[in-house]
Amino acid sequence: ATNVGAWPTPANSTSRARGPRCVMASAVSRRSRSESAPRVSSVRAVIRSHARLTYTQVWQALSGEPAARKALGALWPAVADLHALYRVLAVARAARGAKSP
């Protein structure tokens, strides 16, 4: 397995992943409002990316570079929506006092 738990660093942020990448996916849920602690489940997963985007490409598009957005083509709306979701979740996380990673 490659890139398990790997975060982007200057050494790997612009390299394109070759082949499927193994990851751990976690889900946090509560069955009812009376439960004080959330239930967390983790599973092994495989990312099979067809777009083969780098962190740099996505960040340039999110930073407003027209050429980078154009290069993403039909993927740009999905990338923008995912980033907007991240921002909403980050605000909610900060409001409840959770620590950011």
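What counts and how
Per chain, the residues get numbers from 1 upward, laid out in the order the sequence is written. Local features in a predicted model are, by the rule used here, given only for residues with pLDDT of at least 70; side-chain atom pairs are given and counted only at 80 or more, and totals for whole chains, interfaces and linings are based on all residues. Here the side-chain values reflect all heavy atoms present in the structure, with hydrogen atoms and water set aside. The way it works is that DSSP assigns letters per residue, a run of H or I at least four long becomes a helix, a run of E at least two long becomes a strand, and they are numbered from the N terminus. Contacts: residue pairs with any heavy atoms within 4.5 Å of one another. The Shrake-Rupley method, run with a 1.4 Å probe, gives the accessible areas here. Residue values count only the displayed protein chains as cover. Only the contacting stretch of a helix is used when fitting its axis, a line to C-alpha atoms as for every element, and angles between N-to-C directions run 0 to 180 degrees. Any angle that is under 35 degrees is reported as roughly parallel, and any over 145 degrees as roughly antiparallel; angles of 65 to 115 degrees are reported as roughly perpendicular and all others as oblique. The nonpolar class holds Ala, Val, Leu, Ile, Met, Phe, Trp, Tyr, Cys and Pro. Asp, Glu, Lys and Arg form the charged class, and all remaining residues, Gly among them, are polar. What a helix should span is 1.5 Å times the count of its residues minus one. The classification of residues rests on relative accessible area computed with a 1.4 Å probe and restricted to protein chains. Under 20% of the type maximum is buried, over 50% is exposed, and intermediate values are partly exposed. Note that the arc is defined by the directions from the helix axis to the C-beta atoms. Confidence per residue, as judged by the predictor, is encoded in pLDDT with a range of 0 to 100. As used here, the term nonpolar core means buried Ala, Val, Leu, Ile, Met, Phe, Trp, Tyr and Cys residues forming a set that is joined through side-chain atoms within 4.5 Å. Here, patches come from residues exposed beyond 30% relative accessible area and free of salt bridges, joined within 9 Å for like charges and within 5 Å for nonpolar side chains (Val, Leu, Ile, Met, Phe, Trp, Tyr). Salt bridge criterion: a side-chain nitrogen from Lys or Arg within 4 Å of a carboxyl oxygen from Asp or Glu.

Colleague: Would you explain the overall build of the protein in this entry?
Modeller: Of regular secondary structure, the protein possesses 3 helices and 2 strands. Counted from the first residue to the last, the protein has its helices and strands arranged as β-β-α-α-α. Long-range contacts, defined as pairs at least 24 residues apart, comprise 32% of the intrachain contacts of the protein with a sequence gap of at least 6. When the accessible surface of the protein is totalled, it reaches about 8,400 Å², and 58% of it is carbon and sulfur.

Colleague: Could you clarify how one ought to interpret the packing of helix α1 (residues 55–62) against helix α3 (residues 76–95) in this entry?
Modeller: Helices that pack against each other are described as a pair by the angle of their axes relative to one another and the distance between those axes. Where α1 contacts α3, the two axes come as close as 11 Å, and the packing angle between them is 80 degrees. Between α1 and α3, the interaxial angle falls into the category roughly perpendicular. Along the contact surface, α1 presents Val-58, Ala-61 and Leu-62, while α3 presents Trp-76, Val-79 and His-83. Along the lines of polarity and charge, the residues of the contact of α1 with α3 split into 5 nonpolar, 1 polar and no charged.

Colleague: Which parts of the structure should I look at to understand α3?
Modeller: Counting along an α-helix, one turn takes 3.6 residues, and residues three or four places apart therefore face a common direction. Taking 1.5 Å per residue, 20 residues should reach 28 Å; α3 reaches 29 Å between its end C-alpha atoms and fits that length. Along α3, the residues classified as buried are Trp-76, Val-79, Ala-90 and Arg-93. Relative to the axis of α3, the buried residues are bounded by an arc of 110 degrees and lie together on one face. Among the exposed residues of α3, those oriented more than 90 degrees off its buried face are Asp-81, Val-88, Val-91 and Ala-95. Where α3 is buried, its residues touch α1 and α2 (66–72). Looking one or two residues beyond α3, the residue adopting positive phi is Gly-97, at roughly 80 degrees.

Colleague: Can you help me understand the confidence of the model for the protein in this one?
Modeller: Low pLDDT means the predicted atomic positions in that stretch should not be read closely. Mean pLDDT over the protein: 80, with 80% of residues reaching 70 or higher. Across the protein, the element-wise mean pLDDT spans from 83 in strand β1 (residues 21–29) up to 94 in α2. Counting interchain partners and residues more than four positions distant, the pLDDT-below-50 stretch residues 1–12 has 10 contacts.

Colleague: What is the right way to look at the nonpolar core in this model?
Modeller: Nonpolar side chains in soluble globular proteins generally cluster together in the buried interior. Ranked by size, the top nonpolar core spans 5 residues in total: Ala-61, Ala-68, Leu-72, Trp-76 and Val-79. Contributing elements (two or more residues each) for this core: α2 and α3. For Val-79, the residues in contact, after removing those within four places along its chain, are Val-58, Leu-62 and Leu-72.

Colleague: Sorry if this is basic, but what is going on with a nonpolar patch on the surface here?
Modeller: Taken together, the side chains of Leu-82, Leu-85 and Leu-89 define a hydrophobic patch exposed on the protein surface, amounting to about 300 Å² of accessible area. Within the secondary structure, Leu-85 is located in helix α3.

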